[in-house]
Amino acid sequence: MSTQASDSVDATKIDFDSPQIKRYNQRRKFKDQFASISIAWGGMGVIAAILLIFAYLLYEVIPLFETADVEPLAAFDLPNSQHQTLYIATEEQNEIALQVTDQGEFIFFNLDDGSENSRFLLPLPAGVSVSSFALDSDASRLMAFGLSNGQVILAKHQYRVTYPNDQRLISPLIEYPFGQQPLDVEGVIGPIDLLAIRNEEEALVISAVSEQSLFSTVFVKEEDMFSDELVLEPESLDMPELNGLVSAMQIDIAQRWLYVLIDQQQLLQINLQSGETVNTALAKPVADMRMLLGGISLLLAYDDGSIEQWFQVVENSQRRLKKIRDFTTDINAKHNLLALEQRRKGFATADEQGFITLYHSTAHQTVFQQQLFDGSAQFVALSPRANRLVVVNDAAKVYVFTISNNHPETSAYSLWEAVWYESYDQPEYTWQSSSSSNDFEPKLSLTPLSFGTLKAAFYAMLLGAPLAICGAIYTAYFMTPVMRRKIKPLIELMEALPTVILGFLAGLWLAPFMEKHLAGIFTILIFMPIGILLFAFVMSRLPVAIQNVIDDGWHGFILIPVVIAIGLLSFAVSGNIEQGLFGGDMRSWLTNEAGIPFDQRNALVVGIAMGFAVIPTIFSIAEDAIFSVPKHLSYGSLALGATPWQTLVGVVLPTASPGIFSAMMIGLGRAVGETMIVLMATGNTPIMDANIFEGMRTLSANLAVEIPEAEVDSTHYRVLFLAAFVLFLFTFMVNTAAEVVRQSLRKKYGSL
């Protein structure tokens, strides 16, 4: 019997070494290894992709903060060193330079070796010589020559480019836009000792100093009705008497202010329209005075090497000249010459020790400084593209340098701090990347864009997060399973709705609707919680038999008609409320009485539209986290006498807190990176105003608007990549902080 029993037991044993089991184990092992390797490589691929994005953004951003580089290119003798040089300039292609002498000679020479290209003579009247020289601006190339007989000749150097035999040929020439006949400055009878001009579309202004007296004439431009020729109608201006020796003069671009430097330390401001004068005492002697590109800012270069930027601002309802910023160097320079960039707000200086320094006014930074030549600088000029620098020293030696200075406009100051821009009355955070003017001062502050990003995300989370979290709590913990199976997929389906549709609806329907029914919106915000609480109170006071008719978990269903009724009631009574409290127009009351600006596409519209976009994300993750809390924890709490609410607050929510926090952070990341809703539902105004009725511009919306139009490799283009990099870093830091907090919550409540 025992032998038969043992045989039957042996017969029922499973052979784990059978070929079939071995093949099964091998397949399972292969699948496990394949899954492990695939998951590992997939995770590494995601990390690699993120690192590649990070590296590419850095690749585009790093050139913004590279320092300028200046290298010597050529050195040769000045073509005409026998006569005094009045002016040095170069043409755009950096092939030909111009020397203007006091004999009225225009000498064009090759910039690579100094050989003469061509020569022209100023058509001077017989027995008349050049006594002074002035320049309208380097960009306009209009030159004025004051003559010994008190007249003025205006000339302009131009360059004709042709391509014979497919080879570029630059032919310089001299033009006389107002004719070769000299112009008379009203009142001047002697030699013109000093000159200033400003030529604009409607008028030409010439100011001259002769025999220690100041004269100014406005030449109004008119067209001859028969010949269509330009006719200048002179009009003399009354000028004050001068008390001192005039060192320099400049006229602003509006032809309103004449700046006169007297005895190198007195700055006289003369209003050409009213004749008003203001005298400003300077602390140090001025070596050079020029108008920055655009003709608004006045640059003062002092003997000690420091430079100051001044322009007109309005203070206490009065316009006055104010020092905005200064630029200092570490070297002991005793003499400074200025050269202005023709397309940016940058400038260069050369001193008596052979130092070249490059600055940018808006960025308030020194981008280059180095000793590059021997002797003391007598003339310094920048090419139109600011990629060549020409210096003439006291030994009539010409030094040519090549400049690599692609992005001087960007600095930590210009990107993140309040900058005092030209024509502004105070420092401001401003983003304005383009303009129709060639003299435009780029305003590339990322602060208002970052503020707008946080503002949009804040109002979206303020609306979406409470609704999503509370909805997740009710759905996962209180709602009946039958109803949960319908509600949860329906809310998650909202996530599939394209954000461009939400933005379209928000911009074209929601914004006008809210503007028209603003009182109704705020009435709902007040009446809805009060009405729901009142309905709950009434339900709790009904007989128990009636309360038991409604099964647990179905209370949310019967609340739907209550919510609809409260909404309809709110809009029905909002007209009376608006008439009684706000004079019938809440928007006008906000603007005129409360002093709160109102924009139709504002943060409230964005908060509602983007709130609906983040609700499904937050709801889905938070609901899963709450529903996944083990039932034995809640059952144990209830068994120990806790109420369902106490169980929820004390057991369920702490256990689910890591998941809820993750849902919040993912929703915040969605709100920060949202583009289309913000782009279509706001005015896209990059302003820093926390007012819920004002719009904003976010980093992501700004990228969508401007990156298609940005010139590749330009400063604007790279600053947009910097904005993307800032958005990337912000998301990375938020996610990192969220993971740290989530792990901390998991450790704290993981033992429950």
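Conventions and cut-offs
- Residues numbered from 1 in each chain as written.
- Predicted model: local features only at pLDDT ≥ 70, side-chain atom pairs only at ≥ 80, totals over all residues.
- Heavy atoms only, no water.
- Pairing = 2+ DSSP bridges.
- Helix = DSSP H or I, 4+ residues; strand = E, 2+ residues; numbered from the N terminus.
- Axes fitted to C-alpha atoms, helices over the stretch in contact; angles between N-to-C directions.
- Patch = residues over 30% accessible without salt bridge, like charges linked within 9 Å, V, L, I, M, F, W, Y side chains within 5 Å.
- Areas by Shrake-Rupley, 256 points an atom, 1.4 Å probe, with all protein chains shown as cover.
- Salt bridge = Lys/Arg side-chain N within 4 Å of Asp/Glu carboxyl O.
- Expected span 1.5 Å × (residues − 1).
- Bend = angle between axes of the 7 residues up to and from the residue.
- Buried < 20%, exposed > 50% of the residue type's maximum accessible area, 1.4 Å probe, protein only.
- Contact = heavy atoms within 4.5 Å.
- Core = buried A, V, L, I, M, F, W, Y, C linked by side-chain atoms within 4.5 Å.
- Phe/Tyr/Trp six-rings, centres within 6.5 Å; stacked < 30°, edge-to-face > 60°.
- Lys NZ or Arg CZ within 6 Å of the ring centre and 35° of its normal.

Quick notes on the sheet that holds strand 2 (residues 85–90)
The strand order across the open sheet formed by four strands is 2-3-4-5, and the pairing between neighbours is antiparallel. The open sheet is flanked by strand 2 and strand 5 (116–121), the only strands paired with a single partner. In this sheet, neighbouring strand axes are inclined to one another by 15° on average, regardless of whether the strands run parallel or antiparallel. Where strand 3 (residues 96–101) and strand 4 (residues 105–110) come together, five bridges link them in antiparallel fashion.

A few points about the sheet that holds strand 14 (residues 230–237)
On the basis of which strands lie adjacent, the open sheet formed by four strands has the order 11-12-13-14 and antiparallel pairing. The open sheet is flanked by strand 11 (194–199) and strand 14, the only strands paired with a single partner. Across the sheet, the mean angle from the axis of one strand to that of its neighbour is 20°, orientation sign disregarded. Taken together, the six bridges between strand 11 and strand 12 (residues 203–210) define a ladder with antiparallel strand orientation.

A word on a nonpolar patch on the surface
On the surface, a cluster of nonpolar side chains totalling about 500 Å² of accessible area is made up of Leu497, Val500, Ile501, Phe504, Leu505 and Leu508. Summarising the element assignment, Leu508 is placed in helix 6 (residues 499–516).

Regarding helix 6
Each α-helix turn comprises 3.6 residues. Residues three or four places apart therefore point the same way. Under the 1.5 Å per step criterion, the end-to-end length of helix 6 is 24 Å for 18 residues, consistent within 8% with the ideal 26 Å. Along its length, helix 6 reaches its greatest deviation from straightness, about 40°, at Ala506. Restricting attention to buried positions, one finds in helix 6 the residues Thr499, Leu502, Gly503, Ala506, Gly507, Leu510, Ala511 and Met514. Its buried side turned inward, helix 6 meets helix 7 (518–540), helix 11 (603–627), helix 13 (644–673) and helix 14 (676–681).

Regarding the pattern of salt bridges
Pairs may arise between side chains of opposite charge once their charged atoms sit close together. Summed over the entire model, instances satisfying the criterion amount to 23 salt bridges. The residue Arg290 makes a salt bridge to Asp138 at a minimum N-O spacing of 3.0 Å. Residue Arg290 is found in strand 19 (residues 286–291), and its partner Asp138 is found in the loop between strand 6 (130–135) and strand 7 (142–147); the two are separated by 152 residues along the sequence. When sorted by exposure, Arg290 lands in the same class as Asp138, which is buried. With its nearest N and O atoms 3.7 Å apart, the salt bridge here joins Lys323 to Glu308. Of this pair, Lys323 sits in strand 22 (residues 318–327) while Glu308 sits in strand 21 (residues 307–315), and the two are 15 residues apart along the sequence. One network of salt bridges, in which partners are shared, links Arg484, Lys488, Glu492, Glu623 and Asp624.

Considerations on the nonpolar core
Of all hydrophobic cores here, the largest spans 81 residues; its most connected members are Leu446, Met610, Ile618, Ile626 and Leu722. For this core, the element with the most residues is helix 11, which contributes 15 residues. Those residues in contact with Met610, other than ones at most four positions away along the chain, are Ala456, Ala457, Ala460, Ala671, Glu674, Ile677 and Val678. Counting 22 residues, the second-largest nonpolar core is a separate cluster that includes Val130, Leu135, Ile153 and Tyr159.

Quick word on the packing of aromatic side chains
For any two aromatic rings, the description comes down to two numbers: the centre-to-centre distance and the angle of the planes. Counting across every chain of the model gives 26 aromatic pairs. Look at Phe373 and Tyr399: their rings are 5.8 Å apart centre to centre, the planes differ by 35°, and that puts the pair in the tilted class. With a gap of 26 residues between them, Phe373 in the loop between strand 26 (365–371) and strand 27 (377–382) and Tyr399 in strand 29 (residues 397–404) connect regions that are remote in the sequence. For Tyr399, a relative accessible area of 15% translates into the label buried. Each ring, one from Phe458 and one from Tyr459, has its centre 5.2 Å from the other, and the planes form 70°; the classification is edge-to-face. Given the relative accessible area of 48%, Phe458 is considered partly exposed. An aromatic cluster is present here, built from Tyr56, Tyr59, Tyr717 and Phe721 joined pairwise through their rings. Of note, Arg484 hangs over the ring of Phe627, and the distance from its end group to the ring centre comes to 3.7 Å. Across from the ring centre of Phe627, 4.9 Å away, lies the NZ or CZ of Lys631, which sits over that ring.

Here we look at the pairing of strand 11
With five of six residues buried, strand 11 is to be regarded as a mostly interior element. Where strand 11 folds back on strand 12, the antiparallel hairpin that results is connected by three residues.

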